[in-house]
Amino acid sequence: MFGVKVHKLEGEKVRRKLIELGILDKEHKVKRDGEFLIFPVKEKVEGFEIVETEFELVEKRPHSYREVVNVPEHLKLLLPSSFDIIGDIAVIELPKELMQYGNQIGEAILKVHKHIKAVFAKGSAVSGEFRVRELIHLAGEERTETLHKENGIKLRLDIAKVYFSPRLATERMRVFKKAKEGEIVFDMFAGVGPYSILLAKKVRLVFACDINPWAIKYLEENKRLNKTPNIIPILGDVRKVAEQIKADRVIMNLPKFAHEFLREAMLSVKSGGIIHYYGFSHEDNLFDEHEEKIKTVARELGKSVEFLERRKVRPYAPYQYNIAIDFRVF
Ligand SMILES: C[S@@+](CC[C@H](N)C(=O)[O-])C[C@H]1O[C@@H](n2cnc3c(N)ncnc32)[C@H](O)[C@@H]1O
């Protein structure tokens, strides 16, 4: 093979020139020879010192764990194309046919994604009051606590003890952009604080409630970590708290049951304030049923509502969507 030999001080300039000429061979490694570098080239080129030598091949890094995983060929089509990454932990949803190859799948993920240190499979759906799920350890460290970064904030959490979904980062940023300086926000179902901490960077005060003691423990820690003293964490059932709070903006991120808490939300929002409501819907009836419930509760409380925005946040099951409705209450 041909190479272009240059003094190492000239290396960067020559490398750029060879790329510009379209003759740098990127499939082979640059060679070192004392004070000199030898660039692999596809053909001889005028104006440089040309040498003939052998070059090592550049190892091609696989892009997906599916390229390196050791499972029977006929099951490869069932391998999920993606998985959640929370801090340095991967959480994958495996079909039952692949569960017996969980360790191989976990090892393949660790091999391709060097920043991931532990891999778990989802062992059940999110359930119970705390909205957590069972996890099955597949590979790497047997650790469920991690530090996750999103939207410029840091969140310490334990994925086995609290609810957290990295898939809502964009939705949280949407709410952040709507919030205004000087506002009081009430995060009714705060978890470890992904909305609360983010919004506290902008608004005056955030009341952050959760019934799960682990969520409030991590929320306290995240409040310190992110230097957001303007958050008031409240451990308890939001039903007992809501009426004592008067907020400009209320966040109801409990999609499965939010409709049961509309009364509390509407009693805690100031007249003219905004509620960010989340729900689950079938694709045939995304918003109407939720909006009817919202109007009914408003009527019962002698209030009126103005719908501002309706959005599909993400698919969460076949034909099912997590939806968001923003509305103003008078
Ligand atoms: C879907 S999670 C959302 C957490 C967080 N907002 C997030 O985006 O990661 C719902 C949270 O509501 C809490 N929760 C459920 N019922 C509650 C209640 N009655 N009062 C207060 N919090 C409750 C759960 O513990 C859980 O942390």
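Definitions and cut-offs
Once a new chain begins, its residue numbering starts again from 1 and follows that chain's sequence as written. For a predicted model such as this one, the threshold for reporting local features is a pLDDT of at least 70, and the threshold for listing and counting side-chain atom pairs is 80 or more; totals across whole chains, interfaces and linings nevertheless cover every residue. By convention in this description, side-chain values take in all heavy atoms of the structure and omit both hydrogens and water. Helix and strand assignments come from DSSP, with helices taken as H or I runs of at least 4 residues and strands as E runs of at least 2, each series counted from the N terminus. Each residue's exposure class comes from its accessible area (1.4 Å probe, protein chains only) as a fraction of the maximum for that residue type: buried when under 20%, exposed when over 50%, partly exposed otherwise. Residue proximity to a molecule or strand is established when one non-hydrogen atom of the residue lies within 4 Å of it. The term polar contact refers here to a pair of N or O atoms within 3.5 Å; inside protein, the definition further demands a hydrogen-donor-capable atom paired with an acceptor-capable atom, and it admits residues adjacent in sequence only when both atoms are side-chain atoms. Note on areas: these come from Shrake-Rupley sampling with a 1.4 Å probe, and a residue is covered only by the protein chains present in the view. Polar here means any residue outside two lists: the nonpolar Ala, Val, Leu, Ile, Met, Phe, Trp, Tyr, Cys and Pro, and the charged Asp, Glu, Lys and Arg; Gly therefore counts as polar. These domain limits were set by an automatic method or by a database of domain assignments.

J.: Looking at this structure, I do not really get unusual backbone geometry. What am I missing?
T.: Residues apart from glycine generally show negative phi values, whereas peptide bonds are mostly found in trans. Backbone geometry places Arg 131, a non-glycine residue, at a positive phi of 55 degrees. Mapped onto the fold, Arg 131 is located in the loop between β7 (118–122) and β8 (135–140). Here Arg 131 falls in the buried class, since its relative accessible area comes to 12%. The backbone phi angle of Lys 227 is positive, close to 50 degrees, even though this residue is not glycine. With respect to the secondary-structure elements, Lys 227 resides in the loop between α5 (213–225) and β13 (231–235). On the basis of relative accessibility, which here comes to 70%, the residue Lys 227 falls in the exposed class.

J.: Help me understand the site of the ligand, please; the structure alone is not making it clear to me.
T.: In the vicinity of the ligand lie 21 residues, with Arg 172, Phe 189, Asp 210, Val 238 and Asn 253 positioned nearest. Interatomic distance of 3.1 Å between a side-chain N/O atom of Asp 237 and a nitrogen atom of the ligand. The separation between an oxygen atom of the ligand and a polar side-chain atom of Asn 253 is 2.8 Å. Coverage of the ligand by the protein chains reaches 98% of its 600 Å² of free accessible surface. Of all elements in the fold, only α4 (194–200) and α6 (238–241) reach the threshold of two or more residues within the shell around the ligand. Its residues assigned to classes, the shell around the ligand shows 11 nonpolar, four polar and six charged. Here the shell around the ligand spans two domains, since at least three of its residues come from each of domain 2 (65–143) and domain 3 (165–329).

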